[in-house]
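Residues per chain are reported as follows:
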Amino acid sequence: MKKIVVLTGAGMSAESGINTFRDSGGLWEQYRVEDVASIEGYIRNPELVINFYNERRKQLLTVKPNRGHELVAALERYFDVTVVTQNVDDLHVRAGSTNIIHLHGELMKATSTRSPNDPTQIQTLTPDRMEIHMGDKAADGSQLRPFIVWFGEAVPKIEDAVEEVMQADICIVIGTSLNVYPAAGLVRYVPEDSPIYLIDPADVAWTAMRPYTHIKKGASAGMEELFDKLKVHC
Ligand code: OAD
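**Thoughts on the packing of aromatic side chains**
Next, step 1: Counted according to the given criterion, the structure contains seven aromatic pairs.
Next, step 2: With a centroid separation of 4.9 Å and an interplanar angle of 90 degrees, the aromatic rings of Phe52 and Tyr53 are classed as edge-to-face. Accessibility classification places Phe52 together with Tyr53 in one group, the buried group.
Next, step 3: What links up through ring pairs into an aromatic cluster is the set Phe21, Trp28, Tyr31, Tyr42, Phe52, Tyr53 and Trp150.

Okay, here's the thing in structure tokens:
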């Protein structure tokens, strides 16, 4: 079976109703990224940051995977698929993808402030216990925090992601402006003879990039087009 690695960003979930970050009307027009998505912001005002992610989590209950997520999951019928996502939502999971690397963490999980990447500290939140509050404690007794990789923090899953990308026979990039490193650097590890498909309705400014095929459509329509094309070659 050929291996496909799918790299996704906020545009993957846009058609489900979750705002992207950098498009017009995106989240970073409404909030200062350094306040709500950096480790410095969290140290300065943990309550603000915890509440920001409580709101994001509540929104997640109101949305569903879109056709694009479903088709990414359906690729598993024909290919060995790994999804490497920058998204913290659980829409790839709910759509049925079984092999997902969440580079920037997961909204539906909480962890300890002292050791955020210690697996024994990570807990799953549930619809009936969605919110984190000041004073909630992780197993190690430190303040419970969202399981999100913030600006200024290491990205522990990046090495696993690089390994997957290096084995890709085909790479699909969906809905990311490729502004944020190290995720943005992953495309450089795609083997030279493996094709790269980009699905994004806008032009994406990729630097130092090899040729790629741009399907200039949204995630759902773009995946419909690509799915049929790839099925023939599997
Ligand atoms: P961006 O908001 O930077 O980019 C979203 C991309 O999705 C853009 O290229 C859009 O053109 C594209 N897009 C918009 N609508 C689309 C649709 N319907 N279908 C497909 N693509 C569409 O989001 P990311 O690149 O994911 O990190 O941002 C990367 C990281 O920056 C995020 O993980 C987050 C953010 O700050 C943290 O918070 C740590």
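Okay, back to it.
**Considerations on the site of the ligand**
Next, step 1: In the vicinity of the ligand there are 23 residues, among which Ala10, Arg22, Thr176, Ser177 and Asp200 approach most closely.
Next, step 2: One nitrogen or oxygen atom from the main chain of Ala10 is found 2.8 Å from an oxygen atom belonging to the ligand.
Next, step 3: In the model, a nitrogen atom of the ligand is placed 3.2 Å from a nitrogen or oxygen of the Gly11 main chain.
Next, step 4: In isolation the ligand has 800 Å² of accessible area, and contact with the protein removes 92% of it.

**Looking at the environment of Leu144**
Next, step 1: Inspection of the secondary structure puts Leu144 in strand 6 (residues 144-148).
Next, step 2: For the pair Leu144 and Gly105, spaced 39 residues apart in sequence, the C-alpha to C-alpha distance is 15 Å.
Next, step 3: Excluding residues within four positions of it along the chain, Leu144 makes contact with Tyr42, Ile50, Ala110, Thr111, Gln123, Arg129, Ile132, Asp136, Lys137 and Ala138.

Basis of the calculations
Residues numbered from 1 in each chain as written. Predicted model: local features only at pLDDT ≥ 70, side-chain atom pairs only at ≥ 80, totals over all residues. Heavy atoms only, no water. Phe/Tyr/Trp six-rings, centres within 6.5 Å; stacked < 30°, edge-to-face > 60°. Buried < 20%, exposed > 50% of the residue type's maximum accessible area, 1.4 Å probe, protein only. Near = heavy atom within 4 Å. Polar contact = N/O pair within 3.5 Å; in protein donor to acceptor, adjacent residues only side chain to side chain. Areas by Shrake-Rupley, 256 points an atom, 1.4 Å probe, with all protein chains shown as cover. Helix = DSSP H or I, 4+ residues; strand = E, 2+ residues; numbered from the N terminus. Contact = heavy atoms within 4.5 Å.

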